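Below, each chain spelled out in residue letters.
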Amino acid sequence: MPVLTVQHVTTYRYRQPVAFGEHRMMLRPLEGHDQRLLDQVLIITPKPVELRWLHDVFGNSVAVARFASRARELRFDSRVRLEHSPGNALELPAGEGAETYPFSYAVEEMPDLSRSIERQYPDPDGELDRWARQFLRKDGPTGTRELLAGITHAIRARFTYVSRQEKGVQEPLATLRLGSGSCRDFAVLMIEAVRALGFAARFVTGYLYVPREGGRIGGGATHAWLRVYVPGAGWVELDPTNGIIGNRDLIRVAVARDHRQAVPLHGSWTGFPADSLGMSVDVTVTEAVPNAPSRP
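Within each chain, residue numbers correspond to sequence positions counted from 1 in written order. Predicted model: local features are reported for residues with pLDDT of at least 70 only, side-chain atom pairs are reported and counted for 80 or more only, and whole-chain, interface and lining totals are derived from all residues. Side-chain measures were taken over the full set of non-hydrogen atoms in the model, leaving aside hydrogen atoms and water.

Student: I'd love a proper account of the overall build of the protein, names of residues and values included.
Tutor: The secondary structure listing takes helices from DSSP runs of H or I that are at least 4 residues long and strands from runs of E that are at least 2 residues long, numbered from the N terminus. Looking only at helices and strands, the protein has five helices and 16 strands in total. By the compact-globule yardstick of 19 Å for 296 residues, the protein fits well, its C-alpha radius of gyration being 20 Å. Going through the 296 residues of the protein one by one, you find that 50% of them count as buried. It only takes one pair of heavy atoms within 4.5 Å for two residues to be counted as in contact. Looking at the protein alone, contacts between residues at least 24 apart form 74% of all its contacts between residues at least 6 apart. To measure how exposed things are, a 1.4 Å probe is used in the Shrake-Rupley method; for residues, cover is taken only from the protein chains shown. If you sum the accessible surface of the protein, you get close to 14,900 Å²; carbon and sulfur atoms cover 50% of it. One way to put it: in the protein the 36 positive side-chain charges average out to a point 6 Å from where the 34 negative ones average out. Atoms counted for the radius of gyration: C-alpha only. Globule rule: 2.2 Å times the number of residues to the power 0.38. Classification of residues uses two cut-offs on accessible area relative to the type maximum, computed with a 1.4 Å probe and protein chains only: under 20% is buried, over 50% is exposed, and between them is partly exposed. By the counting scheme adopted, Arg and Lys are positive, Glu and Asp are negative, and His together with the chain ends is not counted. Charged side chains are reduced to one point each, which is NZ for Lys, CZ for Arg, CG for Asp and CD for Glu.

Now the structure itself:
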C-alpha cells in the first residue's frame, strides 16, 4: 500500500497589515477503506486565536480559524501523510439489474440520492442531454461501466485542459462549446452529463499524485473530479481530466453535491481593496520510497 505525503501551502500577501475574518479549510483527507491518514500538521501564520474542527453535512472535515492580529501575510501550511490503496472501478461488480443502462435506484436509496441527481445548470435546448446520449449504444443495451468510462475518456481525449486561477467554474454549456477548461470545469461538465442520464453524482476535491513518468494533468495545485453512485459498486471515482477510472493517484479530501460546498480554503479580510497583492498556492505530492537507505 503506497504511502503518500502532501504539502499544501497557500499564502495571501498585502501591502500593509490587514485584519482577518474567519477562514474555513478543507485540507484533511477523508479516511476510508482506500485511504488512511497517518498524521497531519497544520501551521497557520499568524497564529489564530482559535482553531476548531467540525464535520459538515457530508461528513467532510472542516477546520475553522479565527484571528485577532493584523499582518501583511497570511499563510496556511498543511502537511499530511497517508496510506493510499489504488483501485480500478471497472473491476467492481455492479448490482443485479444495474449492469446495463438504464436502471433504477432502490426505493430506499432514492431519498438520499435524489438531490445528487438534480441538475444544477440550465440546458434550455437540451444541448448537454444530446451530448451525453451519444455514448449510449444504438444496437442494444449499454453497459453501465462502459457508459461511464466512455464519457470519462471522451472528455480526456476531446477537450483541452487549461489552468484557470479564477474562482468558481465555467457553466457546463460553456465548457462544452469552448472545448476547454480546468479540472473543476471538466468535473462539473461530467456531473451534469451523467445527471442528465439519471445517475447520482457528486463533486470531489483533493490532490493528484503525479508519478515520475508523468501522464497526469493537474498536479501542483488542488484537483477536482467526481463520484457516481452505481448499485453494488457504490460511489465510483472518475477523473475526466486524466481519464482515470477509480481512485488511482487521487487523494480524496472533500465530497459535496455542489462544487461550492467543497472549497479547499476561503475566508475574509478587512482593508483597502488595493492592499491585496494576490495569493500563491503550491501543492506537492510525493511517495515514500520503501526501505530507502538513510544518509550518514
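From this point, the discussion proceeds with the structure in view.
Student: Let's hear about the sheet that holds strand β13 (residues 244–245): which residues, and what values?
Tutor: The rule for pairing is simple: two strands pair if DSSP sees at least two bridges between them. Across the sheet, five strands lie side by side as β13-β12-β11-β10-β14; this open sheet has antiparallel pairing. At either margin of the open sheet sits one strand with a lone partner, and together these are β13 and β14 (250–256).

Student: Describe the pattern of salt bridges, and please don't skip the residues or the numbers.
Tutor: One speaks of a salt bridge when a side-chain nitrogen belonging to Lys or Arg is within 4 Å of a carboxyl oxygen belonging to Asp or Glu. Using the criterion set out here, one finds 18 salt bridges in the structure. For D39, the salt bridge identified is with R81, shortest N-O distance 2.9 Å. Taken together, the positions of D39 in strand β2 (residues 35–45) and R81 in strand β5 (residues 71–84) put the pair 42 residues apart, joining distant regions of the chain. For D39, a relative accessible area of 34% translates into the label partly exposed.

Student: Any details on the nonpolar core? Residues and values, ideally.
Tutor: Core analysis: the biggest nonpolar cluster contains 78 residues, and M25, W131, I151, F199 and V228 have the highest contact counts within it. Here this core gets nine residues from one element, more than from any other, and that element is helix α5 (residues 183–196). Excluding residues within four positions of it along the chain, V228 makes contact with L148, V194, F199, A200, A201, G234, W235, V236 and L238. We call a set of buried residues a nonpolar core when its members are Ala, Val, Leu, Ile, Met, Phe, Trp, Tyr or Cys and they connect through side-chain atoms within 4.5 Å of each other.

Student: Could you give an account of the packing of aromatic side chains, with specific residues and numbers?
Tutor: Remark: the centre distance and the inter-plane angle together describe each pair of aromatic rings, the angle taken between the planes. The rule is short: rings of Phe, Tyr and Trp, with Trp giving its six-membered ring, pair when the centres are within 6.5 Å, and they are stacked under 30 degrees, edge-to-face over 60, tilted in between. Across all of its chains, the model carries 12 aromatic pairs by this definition. Considering the side-chain rings of Y105 and Y229, the 5.9 Å spacing of their centres and the 45° angle between planes classify their relative orientation as tilted. Of this pair, Y105 sits in the loop between β6 (100–101) and α1 (110–117) while Y229 sits in strand β11 (residues 223–230), and the two are 124 residues apart along the sequence. Across this residue pair, the class does not change: Y105 and Y229 are buried. Taking 5.1 Å as the distance between ring centres and 75° as the angle between the ring planes, the aromatic pair formed by W131 and F135 counts as edge-to-face. F135 shares its class with W131; the two are buried. Members of the aromatic cluster, connected to one another through ring pairs, are Y101, F103, Y105, F199, Y229 and W235.

Student: Quick one: what's the story with the confidence of the model for the protein, residue by residue and with numbers?
Tutor: Parts of the prediction with low pLDDT should not have their coordinates interpreted in detail. Residue-level confidence of the predictor is summarised by pLDDT, bounded by 0 at the bottom and 100 at the top. Scored by pLDDT, the protein has a mean of 93; 96% of the residues are at 70 or more. Per-residue pLDDT stays below 50 along residues 292–296; that stretch engages in zero contacts with residues further than four places along the chain or on separate chains.

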